[in-house]
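Structural overview
What follows is each chain in one-letter form.
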Amino acid sequence: MNPNQLLVVKCGGNHDVNATEICADIADLTRYGHHVVVVHGGSADIDSLAQRLDVPQRRMVSPDGVSARYTDEATMEVVTLALAGAVKPRLVAELQRRGVPAVGMTGMDGGMLQASRKTAHRALIGGRTVVVRDDHSGRIGEVRNELLTTLLSEGYVPVISPPAADERGFPVNADADRAAAALATALNADRLVLLTGAPGVLTDADDEGSVLAEYEVSGTSAPGEFARGGMALKLVAAREALQGGVPRVTVSDGRHEKAVTDVLHGAGTQILLTPGPERNPEQNPEQKRNPEQKEEQVMGTVTVPSEDVARALVGVDPVSAANMLEAMVAIPSPSGEESRLAEHLVGVMKGLGLAARIDRAGNVIGETPARPGPKIMLLGHMDTVPGQLPVRCSDGRVHGRGSVDAKGPLAAMVQAVAANPGFPGQLTVVGVVEEETPQSRGAVHIGRTLARPDALVVGEPSGWSGVVLGYKGKLDLSYRVTCPATHPSNPVEKATESAAAFWHDALELLGPDQGHGSFGTPGATLVAMRGDIADAELEISVRTPVGFDQEGFVTALRNRARGGTVDVLNGVAAVRVERRSPVVHALSAGIRRVGGVPRPTVKTATSDMNTLAEFWDIPMATYGPGDSALDHSDEEHILTDDYLRGIAVLSAALRELTTLPVTAARAASEPAVRSRA
């Protein structure tokens, strides 16, 4: 038993769990140097108090059998009173009686647990699927761990329970097991211990001798055949903790003394993520999706993919896919600060069966096993523009910075690659850093260090039925001029006047049709201007069409520099592919398979497609769910259904590309058409 571990212990809420002995065991563990966070529910106390107050209790059951409490307004009050007013004081008192400095808190204290409440969703109640509008439950999207970290560093034992706080600061019920998983993830805990009224996961619910030493849960699908009753949510929580990077998760018996210590010595059922789960329904008949099953439980909400999406999502669990995106959006990752998201994605990719690593530039790379067929790369970016937005999930939307540009496309790529583990060549999915910066350092590093693939899909929001065929190039310039100081009335040209004339010269060189309204014409923007009579500077950004002579344009500008200097800060050529490119064809086929009409388009901005076209002459295109009009805006959000459609499209496109001849791909019979500086 290693000392100084950080343990998150979930104390089950039924009467069988011996909270007194658990507290005694935790007291011993803290004396041995362990740090402990206690998370508790209180189902028995909630039911008892509700009966005394004559508040009826109902359950919501998802079609896959996961049950959750139906928390109307009256039940929300009962939950708060029972957990904060009865269960928590008992646990704190037991710990303090044994010399443990325990601090009782709910998820609302200090805004610790931030949850999103779904205002309307479908659920199975009394055998009927109904629309629930008054449910005060939600799913945890963010853990603010500053207060917890401070308490732990000072030797305190936090004792935490729901409710959490919703977007408006009001209390919402949240499953305590999944709250424990979220806390363990946020705190980088060494172990999550889920104590219950059984010795672990049982193969036979009536035979405690049937306990399993280990139990594997899939990274994408339902918990499995032994996930009965309350065990289903525990296994979902265990999966989320493992995907979040918690190295050990155990479900064990909380009815006897030394329950936590016994776990550290091997008791209970250790939960593992299935390595490389086979998710092809034709090869795994037990994992076939029921076409009548359209609803899945998601932390107090229900994700309901439409019928055509459900049919197309072969090998993808919409619940886990939505959870993955929401977790990614909740992790801030402005350019230069992507490391936390990168580490998270490595864990997620490994949980989905991919080999994953972080390269020297900070890019995340996930791969399927290498086979003799074509090598296909899917590449998106992890970074966002600055300015984190509140993360919330409501009305079928995921709101937050990066949900569209471009965590939605990147998450869709990861899910699609993981859904094709038997691809006959090799699939590589990459999350690069610093795409939102002029240098695109992450994509440049990929182009320089990885072998050329046979085809490339770049992840940017095109709309789920759109395919981007090309982007304008970009030329970033600076101009600086210095003139002798003089009186403003002196008729000689001043530095500011030289700079103004230079700007007009640039527009003249670009021609009378210059502007950003057309893909086929250049367009200039005066990004910044600074100066006075003696010294002036300009920053100019020029978007360039295919075939534009960037080098010749810069030479012409320098010939009109009026004694100033012109420096190229960054330059990337335009790129455009043909509609008959194999990648465009595959994506279009995927869109049709999901019920859409392909919309090929070109964009006047730039992306990492421009950058990688400088390195590789291969078939390529850009694709990703999300409305690009919301990029960088305060209203940035993505429709969950569109995100799921994007996964289905990409997955279908990859199956189309299985027949791409390697020799033809490497010969690049349809190379990108590029201009060069």
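**Focus on the side chain of aspartate 535**
Counting through the fold element by element, aspartate 535 comes out in strand β29 (residues 535-544). A polar side-chain atom of aspartate 535 sits 3.0 Å from a polar atom in the side chain of arginine 480. Excluding residues that lie within four positions of it along the chain, aspartate 535 makes contacts with Arg480, Val481, Thr482, Ala495 and Arg530.

**Regarding the pairing of strand β24 (residues 426-432)**
Two faces make up the sheet, and in a regular strand the side chains alternate between them. Burial runs high along β24: seven of the seven residues are buried. Going residue by residue along β24, you find Gln426, Thr428, Val430 and Val432 tucked away on one face and Leu427, Val429 and Gly431 tucked away on the opposite face as well. One ladder, built from four bridges, connects strand β20 (residues 364-367) with β24; its direction is antiparallel. From the neighbouring strand, glycine 366 faces β24, where its bridge partner is valine 429. Here seven bridges tie strand β21 (residues 375-381) to β24, and the two strands are oriented parallel to one another.

**Some details on the packing of aromatic side chains**
As enumerated under the stated definition, the model contains two aromatic pairs in all. With a centroid separation of 3.9 Å and an interplanar angle of 5°, the aromatic rings of tyrosine 479 and phenylalanine 502 are classed as stacked. Here tyrosine 479 is found in strand β27 (residues 473-482), whereas its partner phenylalanine 502 is found in helix α13 (residues 495-510), with 23 residues between them in sequence. Relative accessible area serves as the criterion here: at 1%, phenylalanine 502 is assigned to the buried category. Over the ring of tryptophan 464 we find arginine 645; its NZ or CZ atom is 4.8 Å from the centre of that ring.

**Quick notes on unusual backbone geometry**
Proline 163 follows proline 162 through a cis peptide bond whose omega is 10°. Following the sequence through the fold, proline 163 ends up in the loop between β10 (157-161) and β11 (164-165). Each neighbour pair has its own omega, and for aspartate 405 with alanine 406 the value is 0°, a cis peptide bond. The topology assignment puts alanine 406 in the loop between β23 (397-399) and α11 (407-418).

**Observations concerning the packing of helix α5 (residues 176-186) against helix α6 (residues 231-243)**
Here α5 crosses α6 at 10°, and the two axes come no closer than 8 Å. By the angle between their axes, α5 is roughly parallel relative to α6. Contacts between α5 and α6 involve Asp177, Arg178, Ala181 and Thr185 on the former and, on the latter, Leu233, Lys234, Val236, Ala237, Glu240 and Ala241. Its residues assigned to classes, the contact of α5 with α6 shows five nonpolar, one polar and four charged.

**Thoughts on the state of the cysteines**
For the structure shown, the criterion picks out zero disulfides. In this structure cysteine 11 is not part of a disulfide, and its nearest cysteine sulfur, from cysteine 23, lies 6.7 Å away. Judged by relative accessible area, cysteine 11 falls into the buried class, the value being 4%.

**Some words on the sheet that holds strand β15 (residues 249-253)**
Strand order in the open sheet formed by eight strands is β5-β10-β2-β1-β13-β15-β16-β14, with mixed pairing between adjacent strands. Looking at the sheet topology across the chains shown, the edges are occupied by β5 (102-106) and β14 (214-217). On average, each strand axis in the sheet is tilted by 25° relative to the strand beside it, whichever way the strands run. Relative to the sheet, α5 contacts β1 (6-11), β2 (35-40), β10 and β13 (191-196), its axis offset from that of β1 by approximately 175°.

**Description of the side chain of histidine 637**
On the secondary structure map, histidine 637 appears in strand β34 (residues 637-639). Using a relative accessible area of 18% as the deciding quantity, one classes histidine 637 as buried. A distance of 2.7 Å separates a polar side-chain atom of histidine 637 from the backbone oxygen of glutamate 635. If we ignore the near neighbours within four places in the chain, the residues touching histidine 637 are Arg397, Val398, His399, Ser403, Val404 and Leu630.

**Section: helix α14 (residues 550-559)**
All of the buried residues along α14 are Gln550, Phe553, Val554 and Leu557. The buried residues of α14 all sit within an arc of 100° when viewed along its axis, so they share a single face. Within α14, the exposed residues directed more than 90 degrees away from the buried face are Glu551 and Asn559. Against β27, α13, β29 and β30 (565-572) lie the buried residues of α14. By the N-cap criterion, in which a side-chain oxygen at the helix start approaches the backbone nitrogen of a residue two or three places on, α14 is capped by aspartate 549, the distance to glutamate 551 being 3.4 Å.

**Looking at the environment of alanine 84**
With respect to the secondary-structure elements, alanine 84 resides in helix α3 (residues 73-97). A relative accessible area of 33% places alanine 84 in the partly exposed class. Residues in contact with alanine 84, not counting those within four places in the same chain, are Pro89 and Thr106.

**Focus: the pattern of salt bridges**
Under the counting rule described, the total for this entry stands at 25 salt bridges. Between arginine 593 and glutamate 656 there is a salt bridge whose closest N-O contact spans 3.5 Å. Residue arginine 593 is located in helix α15 (residues 582-593), and its partner glutamate 656 is located in helix α17 (residues 640-656); the two are separated by 63 residues in the primary sequence. Residues joined by salt bridges that share partners form a network here, namely Glu493, Asp505, Glu508, Arg560 and Arg562.

**Brief notes about the nonpolar core**
In this structure, Ile376, Leu587, Tyr643 and Leu650 are the most contacted members of the largest nonpolar core, which totals 81 residues. Val8, Ala180, Ala189 and Ile271 belong to the second-largest nonpolar core, a separate cluster that totals 40 residues.

How each quantity is defined
- Residues numbered from 1 in each chain as written.
- Predicted model: local features only at pLDDT ≥ 70, side-chain atom pairs only at ≥ 80, totals over all residues.
- Heavy atoms only, no water.
- Helix = DSSP H or I, 4+ residues; strand = E, 2+ residues; numbered from the N terminus.
- Polar contact = N/O pair within 3.5 Å; in protein donor to acceptor, adjacent residues only side chain to side chain.
- Contact = heavy atoms within 4.5 Å.
- Buried < 20%, exposed > 50% of the residue type's maximum accessible area, 1.4 Å probe, protein only.
- Pairing = 2+ DSSP bridges.
- Phe/Tyr/Trp six-rings, centres within 6.5 Å; stacked < 30°, edge-to-face > 60°.
- Lys NZ or Arg CZ within 6 Å of the ring centre and 35° of its normal.
- Axes fitted to C-alpha atoms, helices over the stretch in contact; angles between N-to-C directions.
- Parallel < 35°, antiparallel > 145°, perpendicular 65-115°, else oblique.
- Nonpolar A, V, L, I, M, F, W, Y, C, P; charged D, E, K, R; others polar.
- Disulfide = S-S within 2.5 Å.
- Arc of directions from axis to C-beta.
- Salt bridge = Lys/Arg side-chain N within 4 Å of Asp/Glu carboxyl O.
- Core = buried A, V, L, I, M, F, W, Y, C linked by side-chain atoms within 4.5 Å.

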